[in-house]
Structure formats: structure tokens, C-alpha cells
Amino acid sequence: MEIVREYQRREFCKDWGCPSQEKIDGAVDKAAADAVREQDCKSCMAHVFHKWLNGKDYRIVVIE
């Protein structure tokens, strides 16, 4: 078995068209993107789950 690809940050959010992710992608600068993350992403269950995975040192990967 070989790891083909590892999950990238916000891949899920981009794939399903999260409105907050669209705001982040359209932000004029890092400060504006950070403000969206602070306001919107903090309570998002996908974000909470991602932080939990990282805290437990889990990785989502595609293998062959």
C-alpha cells in the first residue's frame, strides 16, 4: 500500500461550496480571510472535526 494523496486543508469546504470558504477565497487580504475564519469557521462542525483529527494525530489519506 502506498499513500497516493493526503487530505488538504479546506478541501471538503471547497468541494461542497461552503459559503464561508467562498468568502475566504474572495478575501482581499490575509486579515480579511482571518476575520471570516474567526467569525464563521470557529463554530463549523467540519472545522471542529478537522481540529480534533489533527489533535489526535489522525490523517485522512487515499491509498493504493
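Residues numbered from 1 in each chain as written. Predicted model: local features only at pLDDT ≥ 70, side-chain atom pairs only at ≥ 80, totals over all residues. Heavy atoms only, no water.

A. Fine view of the side chain of S20. Assignment of secondary structure puts S20 in helix α2 (residues 19–25). Sequence-distant contacts of S20, defined by excluding residues within four places in its chain, comprise V36 and D40. (Helix = DSSP H or I, 4+ residues; strand = E, 2+ residues; numbered from the N terminus. Contact = heavy atoms within 4.5 Å.)

B. Quick look at the pattern of salt bridges. Across all of its chains, the model carries seven salt bridges by this definition. In this structure, the salt-bridge partner of D34 is K30, at a minimum N-O distance of 2.9 Å. Pair noted here: D34 and K30 are both in helix α3 (residues 30–40), with a separation of four residues, about one helical turn. Linked by salt bridges that have partners in common, E6, D57 and R59 make up one network. (Salt bridge = Lys/Arg side-chain N within 4 Å of Asp/Glu carboxyl O.)

C. Summary view of unusual backbone geometry. Its identity as a non-glycine residue notwithstanding, R10 has a phi of 65°, on the positive side. Relative to the assigned elements, R10 resides in the loop between β1 (3–6) and α1 (11–16). Looking at R10, the relative accessible area reads 24%, which means it is partly exposed. (Buried < 20%, exposed > 50% of the residue type's maximum accessible area, 1.4 Å probe, protein only.)

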